[in-house]
Every structure is written in C-alpha cells, then in structure tokens.
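Listed below are the residues making up each chain.
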Amino acid sequence: MRYLPKSPSERQEMLASIGTRSIEELFTSIPEKFRLRAPLDLPGPLSESEIIQYFQARAAENARGYVSFLGAGVYQHLRSVAADALIQRGEFLTSYTPYQAEFAQGTLTAIFEFQTLMCQITGQEVANASMYDGSTALTEAVLMAERLTSRRHVLVARSVHPEYRQVLHTYAKNLGLEIEEIGYTASGQLDRAALKPETLARTAAVVVQSPNFFGVLEEIPALAEVAHASGALLVTAITEAVSLGIVRPPAEADIVAMEGQAFGIPPSYGGPYVGVIATRDKFVRQMPGRLAGQTTDAAGNRGFVLTLATREQHIRREKATSNICTNEALYALAATIHLCLIGKEGLREQALQNLAKARFAQSELEKIPGVRRVFTGPTFNEFSLEFPRSVKMINAELLREKIIGPFALGTQFPELTKRAVICVTETTPRAEIERFAAAVRRILEKPV
Amino acid sequence: MNPKLTDLDSPAKNVGKARAHVSQNEGLIFEQSAPGKRGMELPPLDVPAIDPAKALGSQHTRDAIEGFPEVSEIEVIRHFTRLSTWNYAIDLGMYPLGSCTMKYNPRVNEFVARLDGLATEHPEQPAEVSQGCLRILHDLQKCLLSITGMDAATLQPAAGAQGELTGLLMIRAYLESQGNPRHKVLIPDSAHGTNPASVVIAGYEVQNIKSNSRGQIDTDHLREFVTDDVAALMLTNPSTLGVFEERIAEIAAILHERGALLYMDGANMNALAGVTRPGDFGVDVMHLNLHKTFSTPHGGGGPGAGPVLAKKILEPFLPVPVVVQKPDGTYALDHNRPKSVGRVRAFAGNFGVLLRALAYTLAYGPGIRQATEDAVLNANYIRKNLEPYFDLPYNLPSMHEVVFSDARQKTKGVNTMDIAKRLIDYGFHPYTTAFPLIVPGAMMIEPTESESKQECDLFIDAMRSIAAEADATPDLVKTAPHSTRVGRLDEVAAARKPVLRWKPA
C-alpha cells in the first residue's frame, strides 16, 4: 500500500527483533472475543486515479457552473492562487500545533500576523489564533461575557444568523443561561425600545450581528452605550468580513465574533472556515483559544510562543475558559496570506465593488412590478426584498436556469414569507445580475 | 525594523545558527509594507460606482485600515515561503507525538478537496444540486459506522473537543428522556484536558478517578464510583499510556447496570481500526479525530473534525440536521428531528476535512487493518530498542504508543523537556512531554504507520545518543536546541507582559 513504507521482509525483521513471531501477538491485550476475524465491509481499496474519478463524479452531481445569489453567512469572493499555493507547502500543511516553539516559528509568526490583522480589521485590541467558525465564536463570546459579568441573562437580536442562534441555544441550555430574543423594526435593525434598563441590569450581553441576517447594518455605538449604561457587554457577530473594507468596524463592542470565510476561503459546502474572537486587552484572560505572543531567546532574537496557556484545557482542564484545542490554523493562515495580498487598498476596492453591484442588482429587481424593498436600514452586499409570489417557487424556476436564488426568509422567520435576502459580490458579473433580474421578471409574469 | 543581521565575527550569536542568512532574518509582513504596493488586482467594476458615505451614511463608513499591509505578490510569496522553512512538518520527518497520530497526509486528498463542484458549493444551496456533497457525507458516515461498529453518526463537530461535547449532550438528552439527566461524569486522571473541559460545558460535574497501579481504570472500585448520579464514564481506549483496557467488557457492564453510559474518546483509534470495534466492546458513544486516525492535515493547529458515532438508543438525539438517504435513493439533510440536542455549529460540518477523510478511507478499503498493524509494530519496535535506556513506568503491552519517563536522566538533572529539545538537534520533532499526568516526566511516543524501518532506526539512534549525552554531558542537553533559528524562547516573559499583536512604531 502506497502510504505504508515497509516491505514484507522488513516487517518480519522488526517482528523478529522484538521477539514476536506474528503481528497478532501484539494484539493479545484485546480480549479475543473482540478481535475481528474478517476484514471490515468497506469500499475500496482505490488507486489514486480511482479516487479522483469518484470525487469528480460527485462534483458533477452538484452546482458546477451555476451563478449564486446566496449569502446567508457564506460568501463567494475572489481568492488568490498564491495563497492556495502557499498553504499547500508541506511545512505549513503537514505541521503540528506549535507547542515546540523553536521548531514552529513559521506557524507562530503567521499566527501573530493573523492576530494583528484581525485587530486592525475589527477595531479591537486583541484577537486569538482562531475558533472553529463564526457560529461557535459567537457562542464562546457569549460564554466569555457571562464569565466577565457573572450574569446569566443574554439578549440576542432575531436578526442574528438563525443557525448561529441555534448553536448558542444548544450550548446555553445546559449552562443555566437565559437567552431572550429581541425583534427588529421597520429599518431591519434591532428594536432598541425593547432594551429595558431593568432587564439590561441583569444582562451579561446584548448580541447583534452587523451586517445582520437581513443585510442591514446595526447602530453599534448607540447599542454599546445602552448596554454599558447597565453594565452589560455588547457582543457583535460579523458573518460578511469583507464588509469591513468600507464599513466602520464595531470598535465600541466589547467582543467581536467574526466568520473569516470571506477572506479567500472557499465555500466548500459549509467548512472548514475560520472563526475569530477579538476583544479588549483587559478581557484577554477570559478569552478562549490559543494566543501567540512575542518574546525573545537568550541571544535577544525575536520569536513567538503560544502564551497565556493557563486559560486553556491542557493546563486548567475543568476550569479552562473553553474546551477548544484544535482550531482552524491553516485557514487562519490562508486568510492572513489573502489579506496581505489584497492589502489595504484592495480590500477597500473589493468592498466598494460589493456595495456597487448589490445596489445595481437591487435597483434592477425593484423595477419589477410587485418587488419591494423590505427594510429601510443601510445595507452592504445583502438586501431583503418582498416578492408577489412564493420565494420557493421562484427559486425552483431559477434553478432550471442554473441560477441559485436568494435565501427564502420564510423558512426561518414565519412572519417574513415571500421575502428573500439577495447577496451580490464582486464575483457576480453584470450580465449575470441582468440575467437573474430578467429571469425573476419572467417567472413573475407567468400565469399562476 | 528587522532584527539586525548578526555580525559574522561575533561568535556568541552564531554558534550553530544560520542567523546571517536573509531567509532567517525575515521580519513581519507589516515591516515590509509601504503605501501604494498591492499584491492583488480586481477586475474593473462593470456597474456604476457608489459613494459609500452617501449610500450608508458617514457614521457607517470607515477610513482605510491603519497599519494594514501593502505589499506585492512576490513579497508575500517570499515572506511566507521563508516562514515555512522555519517549521518542522510530517513531510520532513517523524513526529513521535503520543496520541496525536501524525501520519502522512495524502496529496490526492488536497487535489479532490479543491475540485470545482466541491470547493465551490454553498451549504444553503438546494439539495437537488448538492447530491454529490450529500453522498460524500453519507458515504463517509457508512465507512465510519463500519469501522467503529456503531449505529448512528453525526459529522457536524469541528474537532475532537466539540465531538466530546456533542456526545455528552446526547448522553444528557438520552438520560433526560429516561427521567433523570444525572449530575456527574467520571474521568480518569490519565485523560486529555479536553475531556474535563467538555464535561463542564455540557453542564455536568467532573469526578476524577484515579487509575490503578497498571495505569488502567480501577475496575475493583468502579462499582462504588458509579452511583445513580453518574451519567457516564469518559474513557480513552487504548489509554493515554497506549495500553488497551483489558477489562473493558466489565467496565461497560458496571456502567450499564446502573443506567450510565460509556463514552470513548477515539483519539487512539489508530491502534484499533480494522482490528476491533468499540461498538463491539460496550461503547455507547464516541468521537473520532479525523485529523489523527484519518490523515487529514494538521495545518499547524487545524482544521479538524470530530464525528460522533453512537448506538441506536442515542440516535434520536443526534445534532440536527442529519444526513439521510431517502427511499428514492436521493440524499437530504433531515431537519425534522424533534429530540435532537440541537445544532452544534452552523452548516453541516467541516466538509473539506470530511471529504479528505473519505478519500483516505477509500484508498485503504478493508486493508485499513494493515495501517493499524504497522502502527502497533513501529511502536513496539521503538519500545524494545529504547527500553535499555529509558525508564518504563508501566510495563504493560503497548499498542500504537509507548510512554517512558525521564526518571533515569533526572539523576543527572536532565528532564523530559530537555531531552525533547535535544531531539530537535537530531532533526526530529519532540515526543509528547509531560502528558499523561499520571506519569511524572512523561515521554509519550507514537510513531504511526507512516514511518519506515529506517526512520524508526534513526529515531532510536537519536534517543540512544541523547541518553548517553544526558549521562556524560548533561549541560548540552539542558541548553538544547542548538541548531534552530532561535534558541529556547522565554515563555515566562511572554506571559508576564503579553505582546499579542504588532503595532507601528
């Protein structure tokens, strides 16, 4: 077998040198009745070309060559070949967690750069080496707020990604956290009137997403002021990280939980992605996850090490800030390289293109009779529209034209049927936007 | 700016280190940044441009990001390529890290993960155009169920620790459905730190139980510990000493008699795949680490995946959605799961990692047993050859890993960390130091099946040599490593005054 570097005679040699005659002798500590006598029922073995064939066949069964207007937490953005080439270098790809710092300065230096970039982008003071994804980063941010305030009540905007809220609920229900949801107004933003001081006085965190699930930007400074006035923290989730190319970062938030997928990481049917937690320096000891810190060796050379490990599971065990161990290091590296390539001006330009294309798409769609904007608040590259007919029906028709239609809000918000969130990024050509709008118009003109 | 090029005439700074070389003095990317440089261009905008301040309001717009890098493509390639040369990696040589299973990461897996039609798919797109993705998930589930001998699977958890949490949540939900979720989970003192940390997040109380003199579960006293208030025992098998729990059937029986469940941490599955199945020896629920046993790359600390496999009784409680095959043969994500513990992360899982694990499994097929046999052979070969030089605290049959201690070398003031650091000078990554906690001065060695006899022999020679050095010239070992770009780094200073980001001067 091509992954096994031993010849049959070498196996015999090694067995002989241990003083055993057969490999079975090395498994006698397993009770006999549990030792398998027959090979497992598994497909294969396949040669390399057969493996490729299998996966190519699977790829052909998906949406290759379709244009998509889906956002909803995962975004089709430009990626760079250079970044993908670099993360395939064996020294990055096949390297272990950098516990032995002298032998892993490549990984540790890159983590330090990632932490720096995340602070610069989010307007926060410290960021960790990554979490699994945005949804678990948000959950851990809420748990962090609970530890920091010693309060059990959490106010979560309904306009936070439904799946993120579901994950939070899964974790929270066993930890005695009380999650209360707050609605939205006509602007699509959090209903600030629903934030009562007497409730906030026992609230650990107010949780919002910006741009939110409807695509609308929240008023972060005002929300922070209201939360802080009652001793609550403001936790802000960000699913569309490219928005930070032109959108003001949530600097007034206490903890930012971001999904970094938009920074050059392919959609890959849901993962792997890269979660980010960024916060104030004063909260660092309650942060989950790994942190790379700068230091020196005896000769005064700069180097980096994993630090403040007393927060983590391998040291503190049941008293750790989190159980997280393996995170998303390679994709934090991918995001780091991507951001270095796209750079200061490039990220801004990319964000501007997203805004422009989304506004163009919105104006084209709003020309269709019966299609109306849902919310009045400002949007980046996702916006919500109301349609005269069922989004499910429209999307089924669009699929036949190799167009993946927008997210049907009615599936997650029963009060928002016939409404959808459309996402347009810099990767959607104008001609495709026009084709999409023409298709929607045609579908809506068909007799019922 | 960059750390100064060391003076070639200065002996202190240059002994054994290639510091003067340009690739060894690479600074941070921010230190190479200059206004106007860029590494990526966008196609021109094909719709009318929009002024963000007008469109969003000036309160919602930002200035350009302060300190953000401005560098060219060549500088990025050089920077990260140079950084990569400071790393050790499986592609370079053995990582004898116990319980980490650092095996070869097959390159075809990288190729298929990047295919157009797989890397490009959106998790919310309709099932009709996701049949390829869903079949990959379903096929992997079938393989993992076959390997573990279990009945139900979830591929959602993003890592082993998250798998542990998911399994514990399923246990809780099951016990709740039986009338009483109970309060405690038993954890042996040899357990990985994620185990107790996960228990706490699941809302349970940790009860640590001491291993017996053989480093195994104290089955004689287990009956006392398993009260009606114990939900489960979390067990790693083989243990973190690399030893199979010989009385596993009895352990499972004791738990089941009291209505408690047996959770298995599958981190050491590399000793079992194809040889035995946890589902056969009494495990109710377990996780696997795909970035260990199933070859998906470590990438410096992730991504991973921690699928959970369970017995039928726990099936109703699987996280939602569940990947199913419908009667008509098509695949779907089933959201109609009223007893589910809920969702543990957005979307269906770390698909790219799951895909790689399937590619690995397909490469071996039923021959996966050979990998397990080679892993156990390598560990025993290394053990036999190192026994004359290092203390073996638990003289029990080793499976895929062996744990020595630094007891002999300690008499000369040399400890496990020193030996580990000196191993770097021989071109090997250190073994796992100071774990498991039940072995003071632990040296946990797991070669995996990816090591040839030659590589094992080189490792043995290196360890033998260090043992001799520890005896004759202990200071050489205590001040190692000597051959890396940086010497031992001051971790105390790093924690005392943390500097966790770069800032402009």
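The shown structure was predicted, so the numbers you read here are calculated from the model rather than taken from an experiment.

Asks: Got a sec to walk through the overall build of chain B? Specific residues and values, please.
Replies: The helix and strand tally for chain B stands at 16 helices and 12 strands. In terms of C-alpha radius of gyration, chain B reaches 26 Å, essentially the compact-globule figure of 23 Å for 505 residues. With respect to the three principal axes, the spread of C-alpha positions in chain B is 75 × 70 × 45 Å. When the 505 residues of chain B are sorted by exposure, 65% land in the buried category. Within chain B, contacts between residues separated by at least 24 positions form 69% of all contacts whose residues are at least 6 apart in sequence. Summing over all exposed atoms, chain B offers an accessible surface of approximately 16800 Å²; the carbon and sulfur share of this is 53%. If you average the places of the 50 positive and of the 58 negative side-chain charges in chain B, the two averages end up 3 Å apart.

Asks: Report on the domain arrangement of chain A, specifying residues and quantitative values.
Replies: All names here are of chain A. Segmentation of chain A into domains returns domain 1 (67-78 + 344-445) and domain 2 (81-338). Domain 1 and domain 2 are separated by 28 Å when their C-alpha centres are compared. Taken together, the contacts link 33 residues of domain 1 with 33 residues of domain 2. With both sides pooled, the region where domain 1 packs onto domain 2 buries about 2600 Å², and carbon together with sulfur makes up 64% of that total. Linking domain 1 with domain 2 are 1 salt bridge.

Asks: Residues and numbers for the packing of helix α2 (residues 48-60) of chain A against helix α10 (residues 351-364) of chain B, please.
Replies: Contact geometry for α2(A) and α10(B): axes closest at 10 Å, N-to-C directions at 140°. Judged on the interaxial angle alone, α10(B) and α2(A) are oblique. As α2(A) runs across α10(B), the sense of the crossing is right-handed. Between α2(A) and α10(B), the residues in contact are A:Ile51, A:Tyr54 and A:Phe55 and B:Leu355, B:Leu358, B:Ala359, B:Leu362 and B:Ala363, respectively. Here the residues of the contact of α2(A) with α10(B) are counted per class, giving 8 nonpolar, no polar and no charged.

Asks: Which residues make up the sheet that holds strand β14 (residues 407-408) of chain A, and what values do they have?
Replies: Residues and elements named next belong to chain A. Spatial ordering of the open sheet is given by β11-β12-β15-β14, a layout of 4 strands whose pairing is antiparallel. Bordering the open sheet on either side are β11 (372-373) and β14, each of which pairs with just one other strand. The sheet contact formed by strand β12 (residues 382-386) and strand β15 (residues 419-423) spans 5 bridges and is antiparallel. Bridge pairing in β15 links Ser-384 to Val-421. Helix α11 (residues 329-366) contacts β11, β12 and β15 of the sheet and is inclined by roughly 5° relative to β12.

Asks: Talk me through the domain arrangement of chain B; I want residue IDs and the actual numbers.
Replies: Splitting chain B by domain gives domain 1 (24-84), domain 2 (131-366) and domain 3 (368-491). Between domain 1 of chain B and domain 3 of chain B, the C-alpha centre-to-centre distance is 45 Å.

Asks: How would you explain the sheet that holds strand β12 (residues 442-445) of chain B if you had to name every residue and give the values?
Replies: All names here are of chain B. The 3 strands are arranged β10-β12-β11 in an open sheet whose pairing can be described as antiparallel. Strand pairing shows two members of the sheet lacking a second neighbour, β10 (402-405) and β11 (432-433), which therefore form its edges. Seen against the sheet, helix α11 (residues 368-386) touches β10 and β12 and runs at an angle of roughly 25° to β10.

Asks: I'd love a proper account of the nonpolar core, names of residues and values included.
Replies: By size, the foremost hydrophobic cluster in this structure holds 156 residues, and its most contacted members are A:Met118, A:Ile121, A:Met258, A:Phe263 and B:Phe80. The residues touching A:Met118, leaving out its near neighbours within four places in the chain, are A:Ala127, A:Met258, A:Phe263, A:Val276 and A:Leu339.

Asks: If you had to explain the packing of aromatic side chains to someone new, which residues and values would you point to?
Replies: Residues and elements named next belong to chain A. Scanning the entire structure with this criterion turns up 25 aromatic pairs over all chains. Among the aromatic side chains, those forming a connected cluster through ring pairs are Tyr-184, Phe-213, Phe-214, Phe-375, Phe-407 and Phe-413. For the cation-ring pair, Arg-2 lies above Tyr-3, with the distance from its terminal atom to the ring centre recorded as 5.0 Å.

Asks: Could you give an account of the pattern of salt bridges, with specific residues and numbers?
Replies: Under the defined criterion, the tally for this structure stands at 52 salt bridges over all chains. Across the salt bridge formed by A:Arg11 and B:Asp374, the nearest N and O atoms sit 2.7 Å from each other. Pair noted here: A:Arg11 is in helix α1 (residues 8-18) and B:Asp374 is in helix α11, and the two residues belong to different chains. Each member of the pair A:Arg11 and B:Asp374 is classed as buried. For the salt bridge of A:Glu364 with A:Lys367, the shortest nitrogen-to-oxygen distance reads 2.7 Å. Since its relative accessible area comes to 53%, A:Lys367 is described here as exposed.

Asks: A description of the pairing of strand β5 (residues 203-209) of chain A should follow, citing residues and the corresponding values.
Replies: All names here are of chain A. Of all 7 residues in β5, 7 are buried, a share of seventy percent or more. Here strand β3 (residues 153-157) pairs with β5 via 4 bridges, running parallel. Each residue of the ladder has a partner; that of Leu-155, found in β5, is Val-206. The pairing of β5 with strand β6 (residues 233-238) spans 5 bridges and is parallel. Opposite Val-207, over in β6, you have Val-235 as the bridge partner. For the crossover that starts at β5, traverses helix α9 (residues 220-229) and ends in the parallel β6, the hand is right-handed.

Asks: Provide a residue-level description of the interface of chain B and chain A, including the pertinent values.
Replies: Taken residue by residue, the interface counts 205 residues in chain B and 183 residues in chain A. Overall, the association of chain B and chain A removes approximately 17200 Å² of surface from exposure, summing both partners, and the carbon and sulfur fraction of that is 64%. In terms of surface lost to chain A, no three residues of chain B exceed B:Met40, B:Arg62 and B:Leu500, which account for 5% of the buried area on that side. Between B:Lys453 and A:Glu13 there is a salt bridge, and its shortest N-O distance comes to 3.4 Å. Inspection of the chain B/chain A interface yields 81 residue pairs in polar contact (both at pLDDT 80 or more). The element contributing the most residues to the side of chain B that touches chain A is α11(B), with 13 residues. Classifying every residue of the side of chain B that touches chain A by side-chain character gives 110 nonpolar, 54 polar and 41 charged.

Asks: Can you explain the confidence of the model for chain B? Please cite residues and give values.
Replies: Should pLDDT be low for a region, the predicted coordinates there are not to be read in detail. Residues and elements named next belong to chain B. Here chain B shows a mean pLDDT of 93. Residues at 70 or above account for 96%. Per-residue pLDDT stays below 50 along residues 1-18; that stretch engages in 31 contacts with residues further than four places along the chain or on separate chains. Scored by ipTM, the complex comes to 0.97, with pTM at 0.96.

Asks: Quick one: what's the story with the environment of A:Met1, residue by residue and with numbers?
Replies: In this fold, A:Met1 is placed in the segment before α1. Considered as a pair, A:Met1 and A:Pro45 are 44 residues apart in the sequence and their alpha carbons are 9.3 Å apart. With sequence-adjacent residues up to four places away left out, A:Met1 is seen in contact with B:Ala363 and B:Tyr364.

Asks: Can you break down unusual backbone geometry residue by residue, with the values?
Replies: Across the junction of A:Ser210 and A:Pro211, the peptide omega takes the value -5°, indicating a cis bond. Within the secondary structure layout, A:Pro211 lies in the loop between β5 and α9. Note the cis peptide between B:Val320 and B:Pro321, where omega equals 0°. The phi angle at A:Ser130 is positive, at roughly 130°, despite the residue not being glycine. Not every positive phi belongs to a glycine, and B:Thr101 is a case in point at roughly 50°. Along the chain, B:Thr101 turns up in the loop between α3 (73-84) and α4 (107-113).

What counts, and at which threshold
Residues numbered from 1 in each chain as written. Chains lettered and ligands numbered in written order. Predicted model: local features only at pLDDT ≥ 70, side-chain atom pairs only at ≥ 80, totals over all residues. Heavy atoms only, no water. Helix = DSSP H or I, 4+ residues; strand = E, 2+ residues; numbered from the N terminus. Rg over C-alpha atoms; globule rule 2.2 N^0.38 Å. Buried < 20%, exposed > 50% of the residue type's maximum accessible area, 1.4 Å probe, protein only. Contact = heavy atoms within 4.5 Å. Areas by Shrake-Rupley, 256 points an atom, 1.4 Å probe, with all protein chains shown as cover. Lys, Arg positive; Asp, Glu negative; His and termini not counted. Charge placed at Lys NZ, Arg CZ, Asp CG, Glu CD. Domains from an automatic or database assignment. Buried area = accessible area lost by both parts, 1.4 Å probe. Salt bridge = Lys/Arg side-chain N within 4 Å of Asp/Glu carboxyl O. Axes fitted to C-alpha atoms, helices over the stretch in contact; angles between N-to-C directions. Parallel < 35°, antiparallel > 145°, perpendicular 65-115°, else oblique. Left-handed = near helix turned anticlockwise from the far one by under 90°. Nonpolar A, V, L, I, M, F, W, Y, C, P; charged D, E, K, R; others polar. Pairing = 2+ DSSP bridges. Core = buried A, V, L, I, M, F, W, Y, C linked by side-chain atoms within 4.5 Å. Phe/Tyr/Trp six-rings, centres within 6.5 Å; stacked < 30°, edge-to-face > 60°. Lys NZ or Arg CZ within 6 Å of the ring centre and 35° of its normal. Right-handed = clockwise from strand over helix to strand, strands pointing away. Polar contact = N/O pair within 3.5 Å; in protein donor to acceptor, adjacent residues only side chain to side chain. pLDDT = per-residue confidence, 0-100.

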